[in-house]
Amino acid sequence: MNRTKTPENLYEYIDLMRLRIGMYLGKESISALEHHVSGYQAACAIKGIAEQLSPPFEDFHDFVAREYDLAYSTRGWCEMILR
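Throughout what follows, the structure given in this document is the object of discussion.

Parameters at a glance
Counting from 1, residues in each chain are numbered in the order their sequence is written. Totals for whole chains, interfaces and linings use all residues, but because this is a predicted model, local features are given only for residues with pLDDT of at least 70 and pairs of side-chain atoms are given and counted only at 80 or more. Derived side-chain values reflect all non-hydrogen atoms in the structure, with water molecules and hydrogen atoms excluded from consideration. Secondary structure is summarised from DSSP: a helix means a run of H or I of at least four residues, a strand means a run of E of at least two, and numbering begins at the N terminus for each. For every residue, the accessible area (1.4 Å probe, protein chains only) is compared with the maximum for its type, and the residue is labelled buried under 20%, exposed over 50%, or partly exposed between those bounds. The directions considered for the arc are those from the helix axis to the C-beta atoms. Here, residues are in contact when the closest pair of their heavy atoms is within 4.5 Å. Interaxial angle, 0 to 180 degrees, is taken between N-to-C directions of lines fitted to C-alpha atoms, where a helix line uses only the stretch in contact. Just so you know how the angles are binned, under 35 degrees is roughly parallel, over 145 roughly antiparallel, 65 to 115 roughly perpendicular, and the rest oblique. A crossing counts as left-handed when the near helix is turned anticlockwise from the far one by less than a right angle, and as right-handed when that turn is clockwise. For this scheme, ten residues count as nonpolar: Ala, Val, Leu, Ile, Met, Phe, Trp, Tyr, Cys and Pro. Four count as charged, namely Asp, Glu, Lys and Arg, and the remainder, Gly too, count as polar. The pairing test for Phe, Tyr and Trp rings, Trp by its six-membered ring, is centres within 6.5 Å, and the orientation test on the planes gives stacked under 30 degrees, edge-to-face over 60, and tilted for anything in between.

## Details of the environment of phenylalanine 63
With respect to the element layout, phenylalanine 63 can be found in helix H4 (residues 60–67). Accessibility expressed as a relative area gives 39% for phenylalanine 63, which makes it partly exposed. Distance from phenylalanine 63 to tryptophan 77, taken between C-alpha atoms, is 8.7 Å for residues 14 residues apart in sequence.

## Re H4
Within H4 the residues assigned to the buried category are His61, Val64 and Ala65. Taken down its axis, H4 places every buried residue within 100° of arc, on the same side. Residues of H4 that are exposed and point more than 90 degrees away from the buried face comprise Arg66 and Glu67. The elements touched by buried residues of H4 are helix H5 (77–82). The positive-phi residue at the C-terminal boundary of H4 is aspartate 69, with phi of around 55°.

## Examining the packing of helix H1 (residues 10–19) against helix H3 (residues 30–47)
For the pair H1 and H3, the least separation of the axes is 12 Å and the interaxial angle reads 140°. As summarised for this structure, H1 and H3 are arranged oblique, according to the angle between their axes. Of the two elements, H1 crosses H3, and the hand of that crossing is right-handed. Contacts from Leu10, Tyr13, Ile14 and Met17 in H1 reach Leu33, His36, Val37, Tyr40 and Gln41 in H3. Looking at the contact of H1 with H3, its residues break down into 7 nonpolar, 2 polar and no charged.

## Focus: the packing of aromatic side chains
Throughout the structure, instances matching the rule amount to 6 aromatic pairs. A connected cluster of aromatic rings, assembled from ring pairs, spans Phe57, Phe60, Phe63 and Trp77.

Quick look at the structure:
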């Protein structure tokens, strides 16, 4: 039996999802990914798990804004990518 290493943080979980994205999200969709990541973060908050990610995932919003040459946006990273 082929066992995959259990992910220890959000980034490892996203890497694991790449192998079978349809199984995790139902379809290949940036919106579905955003909802899934939000659910993951909510579960961590409920369980009191404070992940120390490097770089912090909260910085992803600003990264996307810079990549799309937006001075600042109140839209989430998913909306910026979709527009």
